[in-house]
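Breakdown of the fold
Residues per chain are reported as follows:
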Amino acid sequence: MSPKSMLLVVSLLLLGLTSTAQYTEKINTNRPGVSQGAFSVGNNVLQLEGGLGFGRERHKIFDTKSSTFNFDYNIRYGLLIEQLEISLDGSFRSDGIRQTIGANEQKIRKTDFESNTIGVKYLIYDPYKKPKENDSINYDELKSWKERYRFKWKSLIPAVSAYVGMNYVNTDNAFTFPTDATISPKIVIMTQNNWWTSNAGSWVLVTNLIVDKITTDNPAYGWIITSTHTLNDKWAIFGEYQGQKSDFYSDNIIRLGGAYLWNQDLQIDANIATNFKDTPSIFRVSLGASYRFDWHRKDEIIEKPGFESGIKKDENEEEEEDKEKDKDGLELDEEIEEIENDSLKQEQTPFINDFEDGSHRDAMEKDLDERRTAQRLERERIEKEKQDKKDEKKFKKEERRRLKREAKAAKQAEKAKLKAEKEKQKMIEDIDAELDKMEQDEGVDDELKQIDEELKKLEEMEKELGSDTKPDAKEDKADDKKDAEDEEDIDAAYEKLQKEQEKARKEEEKRKKAEEKRRKKEEKKRKKEEEKRKKAEEKKRKKEEKEKEENDNNDN
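These numbers come from a predicted model, not from an experiment. (Residues numbered from 1 in each chain as written. Predicted model: local features only at pLDDT ≥ 70, side-chain atom pairs only at ≥ 80, totals over all residues. Heavy atoms only, no water.)

1. Quick look at the overall build of the protein
- Helix and strand content of the protein: 7 helices and 12 strands.
- For the protein, with 556 residues in total, the buried portion stands at 24%.
- Look at the contacts in the protein between residues 6 or more apart in sequence, and 59% of them connect residues 24 or more apart.
- Here the protein has roughly 41,700 Å² of accessible surface; of this, 54% comes from carbon and sulfur atoms. (Helix = DSSP H or I, 4+ residues; strand = E, 2+ residues; numbered from the N terminus. Buried < 20%, exposed > 50% of the residue type's maximum accessible area, 1.4 Å probe, protein only. Contact = heavy atoms within 4.5 Å. Areas by Shrake-Rupley, 256 points an atom, 1.4 Å probe, with all protein chains shown as cover.)

See below:
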């Protein structure tokens, strides 16, 4: 047995073992799976369900790879009675197909509605609605742990619904058989089991038996088994197996995923799907949501399994029971006018005599008002907490934005400061370079020579003026003059050496820049020649391939 076949068998066994669920009065959606539950959305309730799917498909025989996108939608409305529902469901799909033929790869785009069906669903049998009299609460049994948790065979009886719909397919549809009729019928039988246990949470099992396009040349037969388990009040997980058999397309698909209940009327979901064959192999990820517009006027209360007491009795029936209990053999006056059922609100009772004391009813009414006040205060507290959380979240968001703006402004100021410093340094360097250039242009060496000549003339004049002095004084003066000349010669030589070194350094930098510029120019020229050579070789190769292909075609 192949690994995929083993995985299929194990998945079916797990679904069979975990096939339980709880039906609640919150949003009743068919997502994230593709099966339909047995229960309708309720009278005067509009529900929108939809999702986006992204996936990949590979066909081993056709050698194709496809990127798929689909949008699934379902519009449900409870009409006239609780058991009746009308719906419009369908799927829009777009495939990008890459097919390899020989050495060439072709790209094909297919876009169209994969399905469109409008139909009616009716709840034929509901085991939770009309339990037997002995299904009411037995407090003696509830005291026993064994009685509370033992398996009840009657819980295997499912709710049953029937669905009849009409498919609409436009002509030249890429996702259906070419000879399919534009309009064809669809029939589905749906069952649903709901289980609830205090230690294991709630479970649901939904099965669908489908007969589709039975009047066409290619009818399709399908089955879906879906198991859902609620982890807590918000999260639920599910597993689903779907099978389909027809001459056009047959497959077995497994889906796994979960859902999050955002509030009483909104659910968000996600799932992944895969199959067990390669013609084609499927892998798909879907994200979706369901939203309910609840305009119903009357609620039907369905008790948890094990605590079934049926639909809440009408207040008229309760009055009749009270009437039978309080008769005491006395005949009631038939001329008493009928009053409304909610006698507590009117501070009246439909059955009264001279010996009846109304204090217990006042106490009941007071207790009812206190409970309603407590519930209202609790609702207000919860709403206030929600609003406070929203305000706090909004404040934190605004604070984060403010900090980001301040950080961005500080970063921009730092950049501007660095830029100004760079520009200032560049300006100083430009001024120094300009001064050096001006000194070179004005001929500083000539000025130094003129200064030396003037100093020599001054020295000769001093010699002539001081020829009448004493020999010792003349010798001392001659020595001092000689020392001064020696010092001036050393300074001049040192300055000249520095200028020559600076000039040599600048010439070396200039030479290096010219060398770097030449090297970059040669490197750029070499790259252009290399690219030109590669293009020529590529052009030559393509030309040879084309000639070879033409020769092969001619030979064939």
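Having put the structure on the table, let's press on.
2. Examining the packing of aromatic side chains
- For the coordinates displayed, the defined rule picks out 8 aromatic pairs.
- Aromatic pair Phe54 and Phe69: ring centres 5.4 Å apart, planes at 45°, arrangement tilted. Taken together, the positions of Phe54 in strand E1 (residues 45-59) and Phe69 in strand E2 (residues 64-78) put the pair 15 residues apart, joining distant regions of the chain.
- Relative to Phe248, the ring of Phe177 lies with its centre 5.8 Å away and its plane at 85°, an arrangement referred to as edge-to-face. Residue Phe177 is located in the loop between strand E5 (159-168) and strand E6 (183-197), and its partner Phe248 is located in the loop between strand E9 (235-245) and strand E10 (251-263); the two are separated by 71 residues in the primary sequence. (Phe/Tyr/Trp six-rings, centres within 6.5 Å; stacked < 30°, edge-to-face > 60°.)

3. Overview of the environment of His229
- In this structure, His229 sits in strand E8 (residues 220-230).
- What makes His229 buried here is its relative accessible area of 12%.
- There is a polar contact of 2.9 Å between the side chain of His229 and the backbone oxygen of Ser202. (Polar contact = N/O pair within 3.5 Å; in protein donor to acceptor, adjacent residues only side chain to side chain.)

4. Quick look at the pairing of strand E12 (residues 281-294)
- Sheet topology note: the E1/E12 ladder contains 14 bridges and is antiparallel. Paired with Gly53 across the bridge in E12 is Ser286.
- The pairing of strand E11 (residues 266-275) with E12 spans 9 bridges and is classified as antiparallel. Across the sheet, the residue bridging to Ile268 is Ala289, located in E12.
- Hairpin geometry of E11 and E12 is characterised by an intervening segment of 5 residues between the two adjacent antiparallel strands. (Pairing = 2+ DSSP bridges.)

5. Description of the side chain of Thr117
- Looking at the secondary structure, you find Thr117 in strand E4 (residues 104-125).
- Look at Thr117 and you get buried, because its relative accessible area is 3%.
- Within the local environment of Thr117, its side chain forms a polar contact with the side chain of Asn167, the two groups lying 2.6 Å apart.
- In this view, Thr117 contacts Ser87, Leu88, Asp89, Tyr163, Gly165, Met166, Asn167 and Lys186; residues no more than four positions away in its chain are not counted.

6. Structural notes on a nonpolar patch on the surface
- The grouping of Leu48, Ile75, Leu88, Ile118, Met166, Tyr168, Ile183, Tyr291, Phe293 and Trp295 at the surface amounts to a nonpolar patch, some 920 Å² of accessible area in total.
- Considering the arrangement of structural elements, one finds Tyr168 in strand E5.
- By relative accessible area, Tyr168 is classed as partly exposed at 47%. (Patch = residues over 30% accessible without salt bridge, like charges linked within 9 Å, V, L, I, M, F, W, Y side chains within 5 Å. Salt bridge = Lys/Arg side-chain N within 4 Å of Asp/Glu carboxyl O.)

7. Side note on the side chain of Arg31
- Relative to the helices and strands, Arg31 is located in the loop between helix H1 (3-17) and E1.
- Not counting residues within four places of it along the chain, the set of residues in contact with Arg31 comprises Glu49, Gly50, Gly51, Asp72, Gln267, Asp269, Asn271, Leu287, Gly288, Ala289 and Ser290.

8. A word on the pairing of E5
- Because side chains alternate across E5, one face comprises the buried residues Ala159, Ser161, Tyr163, Gly165 and Asn167, and the other comprises Val160, Ala162, Val164, Met166 and Tyr168, none of which is buried.
- Bridging between E4 and E5 involves 8 bridges; their strand directions are antiparallel. Considered in E5, the bridge of Tyr122 is made with Ala162.

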